[in-house]
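If you want the building blocks of each chain, they are given just below.
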Amino acid sequence: EHMDSMESMITVASANLSGQIVIALRGGTLLHFVVVMEDGIPKLKLVGQKVMEREISCIDLHPFSSGLGLDNNVMEDDSMNFRRSAVVAVGLWDDFTVRLLSLSSSLNEVLRIN
């Protein structure tokens with residue numbers, strides 16, 4: 001689908017070794033991708049999208065033990081274990097909050113830090 005060039009401008013992005021990628025677009029749209037192998041070729045698969053109420057200032061996909069009851073999955077690749085993040089941290093401009101969004105449930109908010 002074609003998007004207006006101003007709306008599709010990437011403002012910030014984050015990725016990790018397990019193949020998770022999160023991209024913020026101008027206007028507050030957050031896109032969650034994973035790298036999948038198709039016939040031995042890596043491809044990007046869109047697995048989630050959310051429009052935040054404000055512009056996104058920063059995002060982080062670093063896997064950590066959240067203590068929120070969310071599982072940190074493990075993905076094996078070439079005999080190395082890479083931890084998959086269960087949440088993405090998203091900072092918003094204007095209201096100066098950080099939100100943790102679940103990567104397994106359509107980017108639903110699980111925690112807000114004011």
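For the structure given in this document, a descriptive report is provided here. Keep in mind that this is a model prediction, so the values were computed, not measured. Along each chain, residue indices are assigned from 1 in the same order as the chain's sequence is written. Only residues with pLDDT of at least 70 get local features here, since the model is predicted, and only at 80 or more are side-chain atom pairs given and counted; chain-wide, interface and lining totals rely on the full set of residues. The basis for every side-chain value is the complete set of non-hydrogen atoms in the structure, without hydrogens or water.

1. Re the overall build of the protein
Note the cut-off: Numbering of helices and strands runs from the N terminus, with a helix taken as a DSSP run of H or I at least four residues long and a strand as a DSSP run of E at least two residues long. Only protein chains enter the accessibility calculation, which uses a 1.4 Å probe. A residue is then buried if its area is under 20% of the maximum for its type, exposed if over 50%, and partly exposed in between. Residues count as neighbours in contact if any of their non-hydrogen atoms are within 4.5 Å of one another. To be clear on the numbers: accessible area is Shrake-Rupley with a 1.4 Å probe, and residue cover counts the displayed protein chains and nothing else.
Along its length, the protein carries zero helices and ten strands. The secondary structure elements of the protein, listed N-terminal to C-terminal, are β-β-β-β-β-β-β-β-β-β. The buried share of the protein, reckoned over its 114 residues, is 34%. A separation threshold of at least 6 residues defines the contact pool for the protein, and within that pool the share at least 24 residues apart is 40%. Total accessible area on the protein stands at roughly 7,100 Å², and carbon and sulfur atoms take up 52% of it.

2. A word on the pattern of salt bridges
The cut-off we apply is this: Note on definitions: salt bridges are taken to be side-chain nitrogens of Lys or Arg within 4 Å of carboxyl oxygens of Asp or Glu.
Overall, the coordinates contain five salt bridges when judged by the stated rule. A salt bridge links glutamate 109 to arginine 99, with the shortest nitrogen-to-oxygen separation between them at 3.3 Å. Placement of glutamate 109 in strand β10 (residues 109–113) and of arginine 99 in strand β9 (residues 98–102) is noted, with a sequence separation of ten residues between them. A salt bridge links arginine 112 to glutamate 109; the shortest N-O distance between them is 3.1 Å.

3. Here we look at the sheet that holds strand β1 (residues 10–15)
For the record, the criterion: In this analysis, strands are considered paired if DSSP registers two or more bridges between them. Axes here refer to lines fitted to C-alpha atoms; in helices the fit is confined to the stretch in contact. Angles between the N-to-C directions go from 0 to 180 degrees.
Read across the sheet, four strands follow the order β1-β2-β3-β4 without closing on themselves; strand pairing throughout is antiparallel. With one partner strand each, in any of the chains shown, β1 and β4 (41–51) form the two edges of the open sheet. Pairs of neighbouring strands in the sheet enclose a mean axial angle of 25°, with direction left out of account. Two strands pair when backbone bridges link them, and strand β2 (residues 20–25) and strand β3 (residues 29–38) are joined in this way by six bridges, in the antiparallel orientation. Bridge assignment links isoleucine 21 to a residue of β3, and that residue is phenylalanine 33.

4. Quick notes on unusual backbone geometry
Of note in this structure, aspartate 39 is not a glycine but carries a positive phi near 55°. Along the chain, aspartate 39 turns up in the loop between β3 and β4. The phi dihedral of phenylalanine 96 is positive, around 55°, even though this residue is not glycine. Within the element layout of this structure, phenylalanine 96 appears in the loop between β8 (87–92) and β9.

5. Quick look at the pairing of β8
The side chains of a regular strand alternate, first on one face of the sheet and then on the other. Burial analysis of β8 places five of its six residues in the buried class, the great majority of the element. Relative to β8, strand β5 (residues 56–60) runs antiparallel, the two sharing four bridges. By the bridge assignment for β8, isoleucine 56 is matched with leucine 92. Sheet topology places β8 next to β9; five bridges connect them, and they run antiparallel. Counted as the bridge partner of alanine 89 is leucine 100 from β9. The antiparallel hairpin formed by β8 and β9 contains five residues in its connecting segment, where aspartate 94 sits at a positive phi of about 75°.

From the geometry alone we can't say anything about function, so treat these as descriptive.
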